[in-house]
Amino acid sequence: RWRKWQIRARIQSSIDRNLAQAMNELERIGNLLNLPKSVKDEAALIYRKAVEKGLVRGRSIESVVAAAIYAACRRMKLARTLDEIAQYTKANRKEVARCYRLLLRELDVSVPVSDPKDYVTRIANLLGLSGAVMKTAAEIIDKAKGSGLTAGKDPAGLAAAAIYIASLLHDERRTQKEIAQVAGVTEVTVRNRYKELTQELKISIPTQ
Amino acid sequence: MATVTLEQSLDLYAMERSIPNIEYDPDQFPGLIFRLEQPKVTALIFKSGKMVVTGAKSTEELIKAVKRIIKTLKKYGIKIMGKPKIQIQNIVASANLHVNVNLDKAAFLLENNMYEPEQFPGLIFRMDDPRVVLLIFSSGKMVITGAKREDEVSKAVKRIFDKLAELDCVKPIEEEEELEL
DNA sequence: GCTTTAAAAAGTAATAT
DNA sequence: ATATTACTTTTAAAAGC
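Remember, it's a predicted structure, so these values are computed and weren't measured experimentally.

Caption draft 1: Seen up close, helix H4 (residues 150-166) of chain B. Residues and elements named next belong to chain B. The end-to-end C-alpha distance of H4, which contains 17 residues, comes to 25 Å, matching closely the 24 Å that a straight helix rising 1.5 Å per residue would cover. Within H4, burial applies to Glu152, Val153, Ala156, Val157, Ile160 and Leu164. Buried positions in H4, seen along its axis, are confined to an arc of 135° and lie on one side of it. Exposed side chains of H4 directed beyond 90 degrees from the buried face belong to Lys158 and Glu166. Taken from the residues just after H4, Asp168 is the one with a positive phi, measuring 60°.

Caption draft 2: Structural context of the sheet that holds strand E3 (residues 32-36) of chain B. Residue and element names in this part refer to chain B. Reading across from one edge, E2-E3-E4-E5-E1-E6 is the order of the six strands in this open sheet, with antiparallel pairing throughout. Edge strands, defined here as strands with exactly one partner in the open sheet, are strand E2 (22-23) and strand E6 (85-88). Direction of pairing for strand E4 (residues 41-45) relative to strand E5 (residues 50-54): antiparallel, over a ladder of four bridges. Considered in E5, the bridge of Thr42 is made with Thr54. Taken strand by strand, helix H2 (residues 59-75) contacts strand E1 (2-5), E3, E4, E5 and E6, and its axis lies near 115° from that of E3.

Caption draft 3: Just the interface of chain B and chain A, in detail. Listed as interface residues are twelve residues of chain B and, on the opposing side, 18 residues of chain A. Taken as a group, Met114, Glu118 and Gln119 of chain B account for 43% of the area that chain B buries against chain A, more than any other trio of residues on that side. In this assembly, chain B and chain A are joined by two salt bridges. Across the pair Glu118 of chain B and Arg74 of chain A runs a salt bridge whose closest N-O atoms are separated by 3.9 Å. Connecting chain B to chain A are four residue pairs in polar contact (both at pLDDT 80 or more). Counting residues per element, the side of chain B that touches chain A draws most heavily on helix H3 (residues 103-109) of chain B, which supplies three residues. Tallied by class, the residues present in the side of chain B that touches chain A amount to six nonpolar, two polar and four charged.

Caption draft 4: Molecular detail of the protein's contact with DNA strand C. Surrounding DNA strand C, one finds 28 residues, the nearest of these being Arg98, Thr189 and Arg193 of chain A together with Arg35 and Ser139 of chain B. Restricting the count to atoms of DNA strand C within 4 Å of the protein gives a sugar and phosphate share of 79%. Between a sugar or linking oxygen of DNA strand C and a side-chain N or O atom of Thr54 of chain B, the distance comes to 3.0 Å. When residues of the surface near DNA strand C are traced back to their parent elements, those giving at least two are helix H10 (187-200) of chain A together with E3, E4, strand E7 (91-96) and strand E12 (141-147) of chain B.

Caption draft 5: Structural context of the pairing of E12 of chain B. All names here are of chain B. Bridge count for E7 against E12 is six bridges, and the pairing is antiparallel. Residue pairing for E12: Ala93 is matched across the bridge by Ile144. In this structure, strand E11 (residues 132-136) lies alongside E12, joined through four bridges in antiparallel fashion. In the strand pairing of E12, Ile136 is matched with Met142. Linking E11 back to E12 in an antiparallel pair, the connection comprises four residues, with Gly140 at a positive phi of about 95°.

Caption draft 6: Seen up close, the nonpolar core. All names here are of chain A. Ranked by internal contacts, the top residues of the largest apolar core, which has 41 residues, are Ile46, Tyr47, Val65, Ile69 and Leu103. Mapped onto this core, the elements with two or more residues apiece are helix H1 (2-32), helix H2 (37-52), helix H3 (61-75), helix H4 (82-86) and helix H5 (93-106). A total of eleven residues in this core trace back to one element, the largest contributor, which is H3. Ignoring anything within four residues of it in the chain, the contact list for Leu103 reads Ile46, Ala50, Leu55, Val64, Ala67, Ala68 and Val109.

Conventions used here
Residues numbered from 1 in each chain as written. Chains lettered and ligands numbered in written order. Predicted model: local features only at pLDDT ≥ 70, side-chain atom pairs only at ≥ 80, totals over all residues. Heavy atoms only, no water. Helix = DSSP H or I, 4+ residues; strand = E, 2+ residues; numbered from the N terminus. Expected span 1.5 Å × (residues − 1). Buried < 20%, exposed > 50% of the residue type's maximum accessible area, 1.4 Å probe, protein only. Arc of directions from axis to C-beta. Pairing = 2+ DSSP bridges. Contact = heavy atoms within 4.5 Å. Axes fitted to C-alpha atoms, helices over the stretch in contact; angles between N-to-C directions. Buried area = accessible area lost by both parts, 1.4 Å probe. Salt bridge = Lys/Arg side-chain N within 4 Å of Asp/Glu carboxyl O. Polar contact = N/O pair within 3.5 Å; in protein donor to acceptor, adjacent residues only side chain to side chain. Nonpolar A, V, L, I, M, F, W, Y, C, P; charged D, E, K, R; others polar. Near = heavy atom within 4 Å. Core = buried A, V, L, I, M, F, W, Y, C linked by side-chain atoms within 4.5 Å.

This is the structure in structure tokens:
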């Protein structure tokens, strides 16, 4: 059937054109975020599934690409906030979040719940903190999980507070302001998590 | 939240002129906003004679509110014939399981859920039967929405409690303060 | 899809004192 | 530095863009 073949070819070419444009966007945003090739490949795979399922219709390619990048980062356990990714698009965080939820619901992509420890690694690297601080912060996160202090809390805020505490314990102090900034949360959040973690886990900070 | 149907059309402009404390800006929204203080509800009134009533805490309160809204309209000279048809469209309720919920574990074991703590502290669970959506918090408190009947709410709460217990996602709360009424 | 309305949950953000 | 206030999520309907 000529007709059927023709329709199929037309759909395929439209998918191809969409993909070509999307891959350019993916490359652009991915480079701005300094994402490793493995994450960009993962995002490309997710995006391809989305186009093939027709999920991009009525939505901007850019926001779906951003959502695919976010999903890929989560799957690869690379700590990036939705805001960091959305800042390189014309869409706002809310629109990218909407696309991300659509990908989760419509595609067979399972995304693990984000682990505050992934943010610990990133924050420590950005602040040039030692592996010892990183290790202690990760231990604090594990204890917090065991005590049920992490449920419902922003992993970035938890990681920021754990890093703050660990930096004090290792005498590599960073201010709450510095940590809050790289973690992408406010100082108030770092302070609130810090209070809760030190009190509930009975961590005493040497007064200096 | 309920819809009310009056089998007649309404002149919203006339209502806006005669009834005090009314908001009506057709450029912003096609409905006229009417706020009733007792029972405290808000009604969106449309020119088709249909309305949306939100804020009622019970079916009884809803019925009383609709009667008072219509009485008020009549008081200001708006002619209303027949009796209103009230349909409950959505019930929003909150509940407390009085146990802590392990959201990480629940997110891994429950089927249709979404748990994104960087975005929202609650786990969003879409239940098939009854067809409702639950926002579950680690405190054991929750929000149930999407139900059309009150029994769907209690059924959903029982189901989710059983399911969470079965999956070993609940833990008794240590620090029990509890009310002394 | 958006606009408007209300309500709860717990966390975070923005702004006020 | 803490106290408000406001916004995040979910749901449903109305009429119109």
